[in-house]
Amino acid sequence: MRITNELDISLLLAVWLVDDNYDYAAGAVFEKPYISVTTLMKPLKQIILGMRIPIEDRVEDVSDYISRGLGSTIHDGIERAWKQNYARNLKKLGIPQSAIDKVRINPTDEERKAMPDMIPIFLEQRAYREFGGFVIGGKFDAVAEGHVEDNKSTSAFGWLYGTRDDENQLQGSLYRWIDDALPMPRITEDYMRVNYVFTDWQKSAARTNPNYPQKRVEYKDINLLTLADTELFVRAKLAALKANKDKPESQLPECTDEELWRSDPQYKYYSNPAKANEPGARSSKNFDNLAEANRHMHDQGKGVVKTVPGEVKRCPYCPGYDICEQRKQYFPD
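What counts, and where the lines are drawn
- Residues numbered from 1 in each chain as written.
- Predicted model: local features only at pLDDT ≥ 70, side-chain atom pairs only at ≥ 80, totals over all residues.
- Heavy atoms only, no water.
- Helix = DSSP H or I, 4+ residues; strand = E, 2+ residues; numbered from the N terminus.
- Buried < 20%, exposed > 50% of the residue type's maximum accessible area, 1.4 Å probe, protein only.
- Contact = heavy atoms within 4.5 Å.
- Areas by Shrake-Rupley, 256 points an atom, 1.4 Å probe, with all protein chains shown as cover.
- Lys, Arg positive; Asp, Glu negative; His and termini not counted.
- Charge placed at Lys NZ, Arg CZ, Asp CG, Glu CD.
- Phe/Tyr/Trp six-rings, centres within 6.5 Å; stacked < 30°, edge-to-face > 60°.
- Lys NZ or Arg CZ within 6 Å of the ring centre and 35° of its normal.
- Axes fitted to C-alpha atoms, helices over the stretch in contact; angles between N-to-C directions.
- Parallel < 35°, antiparallel > 145°, perpendicular 65-115°, else oblique.
- Nonpolar A, V, L, I, M, F, W, Y, C, P; charged D, E, K, R; others polar.
- Pairing = 2+ DSSP bridges.

## So, the overall build of the protein
In terms of helices and strands, the protein carries 11 helices and 14 strands. Over its C-alpha atoms, taken along the principal directions, the protein stretches across nearly 80 × 55 × 50 Å. Residues classed as buried in the protein amount to 34% of the 333 residues present. Taking as baseline every contact in the protein between residues at least 6 positions apart, the subset at least 24 positions apart corresponds to 69%. Entry remark: accessible area of the protein is about 20000 Å², with carbon and sulfur atoms responsible for 51%. Of the side chains in the protein, 46 bear a positive and 51 a negative charge, and the two mean positions are spaced by 3 Å.

Below is the structure:
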């Protein structure tokens, strides 16, 4: 694809941002179509339209890679610390030597069978499973003590409102479902751990809001879907993909508000109705609930309530942006 540098990011940082050492299914060749966990989780319309845009026709800016660059750096650092220096680092943290001696990084099935008291740590391991005419694959960040872990560098907003909990649950559930087909599964627990590194954490916000993350680094445990429910999701998504892949854009199911990452609507009360449609006019009071806004207007005996639709955030990240008619409702040409 063509990469621009509209924000004039320095060459030193630009080279770091566009660097990509991800293995992308490790160059494997399959007899059946391959689809990754990451792709399977995307909205149906995004998957199909993305396949219709030739890679050479896509244009991205260096600035689009900032979040990925930070995330990759953190992931690489975690992996390196465990693979190269885990014994020394565990000793620094006060872990007994008897426990350190049992740790093995990415052991084989034979090694696990030969050492029943082993403490296996699996890092950045990829697995595949054939299902419904496809090969489905994914690479988890880590599995420790039987539970899958995912590392996220993100804003504190996601923690505060739990906006991505369902996505994280589905991602971990798909990793377990794929892993369960292996002769000796590595993911044996029914929960996952999401490790957060907050990129915009503020000590003052943590002091004043108990729901705000209290540390720059936090973790959250999330229960996984059952294996049966996960398989139902996979079956339904693959069936929808097969049924819609050749349909014109106008006949594709539209992305839902949840899939669009649309924020909740706001209900703005204006004591003077004449100001409600004035550009830049400030409302008298804002509400998250329409009934409360209408009740306030009734109590005041005057005014008007204006509904402001929630903001759509996902479209700019969709590879099908240029050929999507639904997108134009929120981001006109």
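## Topic: the packing of aromatic side chains
Under the criterion given, the structure shown has seven aromatic pairs. Relative to Tyr128, the ring of Tyr34 lies with its centre 6.0 Å away and its plane at 65°, an arrangement referred to as edge-to-face. Placement of the pair is Tyr34 in strand S2 (residues 34–36) and Tyr128 in strand S6 (residues 126–131), with a sequence separation of 94 residues. When its relative accessible area of 28% is taken as the criterion, Tyr128 is described as partly exposed. Among the aromatic side chains, those forming a connected cluster through ring pairs are Trp159, Tyr196 and Phe198. We note Arg327 situated over the ring of Tyr321; from NZ or CZ to the ring centre the distance is 4.2 Å.

## Some words on the packing of helix H8 (residues 165–179) against helix H10 (residues 227–244)
Between H8 and H10, the shortest axis-to-axis distance is 10 Å and the interhelical angle comes to 100°. In terms of axis orientation, H8 runs roughly perpendicular to H10. Judged by residue contacts, Leu170, Ser173, Leu174, Arg176 and Trp177 of H8 engage Leu227, Thr230, Glu231, Phe233 and Val234 from H10. Here the contact of H8 with H10 is built from residues that sort into six nonpolar, two polar and two charged.

## Details of the side chain of Ser173
Residue placement: Ser173 occurs in helix H8. Ignoring sequence-local partners within four residues, the contact set of Ser173 consists of Leu224, Leu225 and Thr230.

## Some points on the pairing of S6
Across six bridges, S6 lies against strand S7 (residues 134–139) in antiparallel orientation. Considered in S7, the bridge of Arg126 is made with Lys139. The hairpin formed by S6 and S7 contains two residues between the paired strands, and Gly132 there has a positive phi angle of roughly 60°.

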